[in-house]
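Chain residues, written in single-letter form:
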Amino acid sequence: MVPTLREGDQLLVRYGAPIRPGAVVLFRHPFQQDLLVVKRAAERRPRGWWLLSDNRPVDSDSRSYGPVPDELVLGRALARLRPDPAWLAPGRRLERLLLSPRLVRVPGLARRLGAWVEEV
């Protein structure tokens, strides 16, 4: 999940929280269910969530194991606690504000505060 998360980061996770596209989620790996994994929810599909790594060259995500069933998605990461605290899941109102035409001109502000911006 580099650049969003780095080794040593700790997450505050809300178990059972509703998932929406762009959220950073904690889930059980579909093939190794004793392994907990953190990825970004890209979209909802008929058989589960399509989860992708923020580090695009890494393909250990839904590109290799397909959609992750809902029962394996445990919760949504709310904040990165250390070493540099940052909110990873702003509320809908804050997300709309961050993506407004006025604030979207501030480079990296929306992504820094956890609003999902698809890079083309």
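Residues numbered from 1 in each chain as written. Predicted model: local features only at pLDDT ≥ 70, side-chain atom pairs only at ≥ 80, totals over all residues. Heavy atoms only, no water.

Draft legend 1. Molecular detail of the side chain of S62. One can find S62 in helix 1 (residues 62–65). Separated by 2.8 Å, the side chain of S62 and the backbone nitrogen of L51 make a polar contact. Every residue in contact with S62, bar those within four places of it in the chain, is listed here: W49, W50, L51, P67 and V68. (Helix = DSSP H or I, 4+ residues; strand = E, 2+ residues; numbered from the N terminus. Polar contact = N/O pair within 3.5 Å; in protein donor to acceptor, adjacent residues only side chain to side chain. Contact = heavy atoms within 4.5 Å.)

Draft legend 2. Summary view of the pattern of salt bridges. Within this structure, the stated rule accounts for 5 salt bridges. Linking D9 and R80 is a salt bridge whose minimum nitrogen-to-oxygen distance equals 4.0 Å. Of the two residues, D9 sits in the segment before strand 1 (10–15) while R80 sits in strand 5 (residues 73–82), which places them 71 residues apart along the sequence. The exposure classification of D9 matches that of R80, with both residues buried. In this structure, the salt-bridge partner of R40 is D54, at a minimum N-O distance of 2.8 Å. (Salt bridge = Lys/Arg side-chain N within 4 Å of Asp/Glu carboxyl O. Buried < 20%, exposed > 50% of the residue type's maximum accessible area, 1.4 Å probe, protein only.)

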